[in-house]
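# Chain and residue survey
Letter by letter, the chains look like this.
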Amino acid sequence: MAEKTKYKMARYLRKEALPTALCPGCGGGTVLNAFANAIDQLKLDPRDLVVVSGIGCSAWIASPYFLADTLHTTHGRAIAFATGVKVGLPDKKVVVISGDGDLAGIGGNHLIHAARRNIDITVILVNNFIYGMTGGQVAPTTPFGARTTTTPYRNIEHPLNIAEVIAEAGASYVARWTTAHVYQLIESMKKALQVKGFSLVEAISQCPVQFGRRNKMKEPAEMLRWFLKNSIPISKAKNMSREELEGKFVIGEFVNRQRPEFTEELNKLIEELTGQSGPGDENAD
Amino acid sequence: MIIRGDEPEQIALLKKLYPKGNYFMQGDEAIAYGAIFAGCRFYAGYPITPASEIAETMARELPKVRGYYIQMEDEIGSIAAIIGASWTGLKSMTATSGPGFSLMMENLGYAIMTETPIVVVDVQRSGPSTGQATKGAQGDFFQARWGTHGDHPIVAISPISVEDSFWETIRAFNISEKLRIPVVLLTDGVIGHAREQIRIPDPEEVEIVYRKLPKNEEEAKYPFGDVDGSLVPPMPLFGHGYFTHVTGSTHKETGLRDVYTPEVHIKLVNRLHKKVEKHEKEIEKWEEHFTDDMEILVISWGVSARPSFGAVLRAREEGIKVGLFIPKTVHPFPGRRVKELARKVRAILVPEMNLGQLILEVQRYVNDDVILKGVNKIGGVPLTVEEILREIRGVWDG
Ligand SMILES: Cc1ncc(C[n+]2csc(CCOP(=O)(O)OP(=O)(O)O)c2C)c(N)n1
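One structure accompanies this document, and this report is about it. (Residues numbered from 1 in each chain as written. Chains lettered and ligands numbered in written order. Predicted model: local features only at pLDDT ≥ 70, side-chain atom pairs only at ≥ 80, totals over all residues. Heavy atoms only, no water.)

Moving on, we get to the pattern of salt bridges. Considering all chains together, one arrives at 43 salt bridges over all chains under this definition. Salt-bridge contacts for Arg47 of chain A lead to Asp45 of chain A; the nearest nitrogen and oxygen are separated by 3.5 Å. In this structure, Glu61 of chain B and Arg60 of chain B form a salt bridge, with 2.8 Å as the shortest nitrogen-oxygen distance. Glu61 of chain B gets classed as buried once you look at its relative accessible area, which sits at 4%. Within this structure, Lys86, Asp120, Lys196 and Glu264 of chain A form a network of salt bridges that share partners. (Salt bridge = Lys/Arg side-chain N within 4 Å of Asp/Glu carboxyl O. Buried < 20%, exposed > 50% of the residue type's maximum accessible area, 1.4 Å probe, protein only.)

What follows is the structure, given as structure tokens:
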């Protein structure tokens, strides 16, 4: 149990909810660990954090395991719920942690529009290329040619390039790493938490049970080696063609920029109309 | 900033912006003003006829009272956003019509399961599907009751006029806050778009309710437990350091998921039902006219209650002993009262703008020896006094 192992990040976890339900070798633990480290290194008080998730194994990573206010919502809708939370609590950090099927499949439209609005929410999208929880069906992120329970011969569709789409949609910050790049993942999570505006950290993660097993990588380590072997830094990828990048994972920061943020604009409008600042606003800089 | 609506600064603002007196406005606008008087300070929505005027009024008025308006990318996102906002302490509302109401069903169930106070307005229009988009109807009676999956309680309220829309919206918020339950305001395109005179009251005349908050850390540990015997748990809002966990999965009193223990599910879902039953007296509301000496009873709701009243008045002039019953809270249905009234009459007529929905609910409380007849109309044109009067005369003479 957490206490016995003296795991430093254990104080960020809901002890009564442990052990987690994640399979052995799941990348979800790495993401949870990276997130706890990011919070710890930034010295953020978990009381100033609201974590929102959708439905799926990846949605369980922080909810209920992370000790903060946690809102476990319906499939695909976490970002829309988080939008209401952020408007009500603009001074808190609102973080969404969920899967690729949840956030980019059924919930893809909310993801795009939250980025367009540039609302100050941090999304940690765990991309395991598969619908894990429901038994390994094809996802909008599944690589071309891969086998899943609903593409028993091969996947004839092309995967969505989530980080690229969301960078284009207007997010303030977008980065992509894999669970084989833990330090970079932590650094990007820290930046994402600090940037004002919509931020997305896409964490490519291994699901040996539902994806690896059916694609000749049943050991978690094989999947991590696959990530490392095929990762291309974004600086290098810029000089490569689409064909050359087929089957590769472009990693690094896609954007890091300043744009007007939604809740700030909303509150500015209210100040203009009411001509006064409300209680609590005196400390704002 | 979390506003409850009853702060002196807010009362002063409402008085200044909306001085008491007579106004001329649409039913949809009256809903928006009712919500603002009830303390609603967060609205998320998506445009749809005949509900868009609610969004437009909220977009214009909310920022003036330090409230938040957001147009979401769809109705699923709209109801999701208001649930999220409600957990921060904001009274929240969305409004839509049939197609959007259909999209909201999954998250309506989420709000029931997580005991989140929200108000969802359905300005009913003629369906199925896109139907007659600009025309009113009353076809969503059972969708409001059973549209979301699984065993669940629901409260739905139907106003009968523009002024009623204002007050029933306030009542919807009060019930929602008191019971930690979503309340559906089931109005329709006819009342929504009708313009009538309405009296806007002094905000101090309006009684508004805010949800019960935990008195201490101990109470906050049980966001889904019956800590005080009312069956309604206090709501530990986000942002107060309670580490509240909220999930639509079956959960224990602490909020933690437990989807395997039958007793946990049975206890939770039964309490959700019982909390509504226990507070039935505070939820139920109806109007009765001429029910003391009647032989025929007309039962009608929403837009159809108006011509029904006209027809009953005319029939009385003709010496016909007819009474009228109008449920304002349509779910839970006031079945006990209908049963009492049904014993006194030989015939019951149920006028409504659909092919027979309320009548099925009425039927459960009426003995076989009573004639039960629907007065139904679809096509987007409301029932007239004449049409209903003809049916009353028919059963009186028959
Ligand atoms: C509306 C709805 N449709 C389908 C489901 C079933 N479902 C549960 S989890 C899931 C897939 C989640 O996939 P992903 O987000 O990639 O997460 P993973 O389990 O792979 O981590 C699906 C389809 C659901 N819960 N709700």
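From this point on, the discussion continues.
A word on a nonpolar patch on the surface. Residues and elements named next belong to chain A. Residues Ile112, Leu160 and Val165 make up a contiguous nonpolar surface patch of roughly 200 Å² in combined accessible area. With respect to the helices and strands, Leu160 occurs in the loop between β6 (137–138) and α6 (162–169). The class of Leu160 is partly exposed, set by a relative accessible area of 39%. (Patch = residues over 30% accessible without salt bridge, like charges linked within 9 Å, V, L, I, M, F, W, Y side chains within 5 Å. Areas by Shrake-Rupley, 256 points an atom, 1.4 Å probe, with all protein chains shown as cover. Helix = DSSP H or I, 4+ residues; strand = E, 2+ residues; numbered from the N terminus.)

A word on helix α14 (residues 335–342) of chain B. Every buried residue of α14 of chain B is accounted for by Gly335, Val338, Leu341 and Ala342 of chain B. The buried residues of α14 of chain B occupy one face: seen down the axis, they fall within an arc of 125°. (Arc of directions from axis to C-beta.)

Moving on, we come to the pairing of strand β16 (residues 371–376) of chain B. Residue and element names in this part refer to chain B. Of the strand pairs in this sheet, strand β15 (residues 347–352) and β16 are connected by six bridges, and their pairing is parallel. By the bridge assignment, Pro351 is partnered in β16 with Val375. Read as a crossover between parallel neighbours, the route from β15 over helix α15 (residues 358–363) to β16 is right-handed. (Pairing = 2+ DSSP bridges. Right-handed = clockwise from strand over helix to strand, strands pointing away.)

Across the boundary between the two partners, chain A contributes 45 residues, which contact 41 residues of chain B. Between chain A and chain B, roughly 3,500 Å² of surface is buried when both sides are summed, and carbon and sulfur atoms account for 64% of that area. Among the residues of chain A in contact with chain B, Asp69, Phe81 and Ile270 of chain A are the three that bury the most area, contributing 15% of the side total. Arg66 of chain B serves as the salt-bridge partner of Glu271 of chain A, at 2.8 Å between the closest nitrogen and oxygen. At the boundary of chain A and chain B, one finds 16 residue pairs in polar contact (both at pLDDT 80 or more). Elements supplying a minimum of two residues to the side of chain A that touches chain B: β2 (69–72), α3 (78–88), α5 (108–117) and α11 (262–274) of chain A. Looking at side-chain class alone, the side of chain A that touches chain B contains 19 nonpolar, 17 polar and nine charged residues. Of the strand pairs in this sheet, β2 of chain A and strand β10 (residues 245–247) of chain B are connected by three bridges, and their pairing is parallel. Looking at the pairing, Leu71 of chain A lines up with Val246 of chain B of β10 of chain B. (Contact = heavy atoms within 4.5 Å. Buried area = accessible area lost by both parts, 1.4 Å probe. Polar contact = N/O pair within 3.5 Å; in protein donor to acceptor, adjacent residues only side chain to side chain. Nonpolar A, V, L, I, M, F, W, Y, C, P; charged D, E, K, R; others polar.)

Moving on, we get to the environment of Glu217 of chain B. Residue and element names in this part refer to chain B. Mapped onto the fold, Glu217 is located in helix α10 (residues 217–220). The exposure class assigned to Glu217 is exposed, which follows from its relative accessible area of 56%. In sequence terms Glu217 and Gly241 are 24 residues apart; their C-alpha atoms lie 9.5 Å from each other.

Looking now at unusual backbone geometry. At the junction of Ser63 of chain A and Pro64 of chain A, the peptide bond is cis and its omega measures out at 20° in the coordinates. As for its placement among the helices and strands, Pro64 of chain A is situated in the loop between β1 (49–53) and β2. Cis geometry is found at the peptide bond from Gly127 of chain B to Pro128 of chain B, where omega equals 5°. Residue placement: Pro128 of chain B occurs in the loop between β5 (119–126) and β6 (132–136). Not every positive phi belongs to a glycine, and Asn118 of chain A is a case in point at roughly 55°. Mapped onto the elements of the fold, Asn118 of chain A is located in the loop between α5 and β4 (121–127). If you check the backbone angles, Arg180 of chain B has positive phi at about 50° while not being a glycine. Mapped onto the elements, Arg180 of chain B comes out in the loop between α8 (162–179) and β8 (183–188).

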